[in-house]
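So the chains spell out like this:
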Amino acid sequence: MSILAAILLALIAGITEVLPVSGTGHLFLFAKLFGISAAGAEFQTFRGVLYLGVSFGLLLYYRMQAADIVRENLVLLGLLRPSVQHRAESFGRRLGMLLFFAALPMLPALLLNGLRTRLEQGSGALAAVSVLLCISGALLYFASRGARGKRSIHQATLSDAVYAGLFQIPTVLPGFSRSGFTLAAFLSRGMEGTAAAELSGLMGVPVFLGAGL
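The model shown is predicted, which means the values in this text are computed figures rather than measured ones.

### With respect to the side chain of T171
With respect to the helices, strands and loops of the structure, T171 is situated in the loop between α9 (158-166) and α10 (178-188). Side-chain polar atoms of T171 contact the backbone oxygen of Q168, separated by 2.4 Å. Setting aside anything within four residues of it in sequence, one finds T171 in contact with F176, S177, R178 and F181.

### Let's talk about the nonpolar core
One finds L9, L27, F43, L95, F186, M191 and L199 to be the most contacted residues of the largest nonpolar core, which totals 43 residues. Contributing elements (two or more residues each) for this core: α1 (3-18), α2 (23-33), α3 (41-61), α5 (91-103), α8 (125-145), α9, α10 and α11 (193-212). Ranked by residue count, the leading element in this core is α11, at seven residues. In this structure, F186 is in contact with D160, A164, M191, A196, L199, S200 and M203, ignoring residues within four places of it in sequence.

### Concerning the pattern of salt bridges
Working definition: two side chains of opposite charge can pair if their charged atoms are close together. According to the stated counting rule, one finds three salt bridges in the structure shown. Of the charged contacts in the structure, one is a salt bridge between R71 and D68, with a shortest N-O distance of 2.2 Å. Note that R71 and D68 are positioned in helix α4 (residues 63-76) at a spacing of three residues, about one turn of the helix. Assessed through its relative accessible area of 28%, D68 is described here as partly exposed. The salt bridge partner of R189 is D160, with a shortest N-O separation of 2.7 Å. On the criterion of sequence distance, the pair formed by R189 in the loop between α10 and α11 and D160 in helix α9 is long-range, its members being 29 residues apart. Classification of R189 as partly exposed rests on a relative accessible area of 30%. Owing to a relative accessible area of 1%, D160 belongs among the buried residues under this scheme.

The rules behind the values
Residues numbered from 1 in each chain as written. Predicted model: local features only at pLDDT ≥ 70, side-chain atom pairs only at ≥ 80, totals over all residues. Heavy atoms only, no water. Helix = DSSP H or I, 4+ residues; strand = E, 2+ residues; numbered from the N terminus. Polar contact = N/O pair within 3.5 Å; in protein donor to acceptor, adjacent residues only side chain to side chain. Contact = heavy atoms within 4.5 Å. Core = buried A, V, L, I, M, F, W, Y, C linked by side-chain atoms within 4.5 Å. Buried < 20%, exposed > 50% of the residue type's maximum accessible area, 1.4 Å probe, protein only. Salt bridge = Lys/Arg side-chain N within 4 Å of Asp/Glu carboxyl O.

Okay, here's the thing in structure tokens:
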């Protein structure tokens, strides 16, 4: 893999997480374009490193929310004194719980790794990934058209988090967008667009960190 190809793939990984499109699918397509074997150990290892980079990028972008989660859980453990403004039921603590329960469904998703590998190595991999990309786009299109929700991020519940977390399971396959699927899930639960996008982005931190590791 050349330095130029590595830089372009890294840019694609970052851009496709900001946009509700499949990063895994686009990495696969561009690897094909650059003549890189998606089944090779070099690409698989490099993709893992990209996932770590995406998780750190998201963590940097959502650093204020992350700081609130850490601070308020330290208060809960008695390792930090609460401020005057500290509430008994703080949102940072609740947000941490939402992200934890949203990430749990990704554990059984590891079982799909073998299917993803077979799909990427198959003779019809290019056509299969292209079809999955189209399905992902259609889902987000119809979800956004029917979105009329007004619930804010402070009104998100544990059931919302688990529901959106379940939508992450099929996104192990290249072509299905994690951000797109979770965004569609939150919109279908009546969340306002900005709140849905923020929750979807925050959910990516533990998912990409785990995937990278």
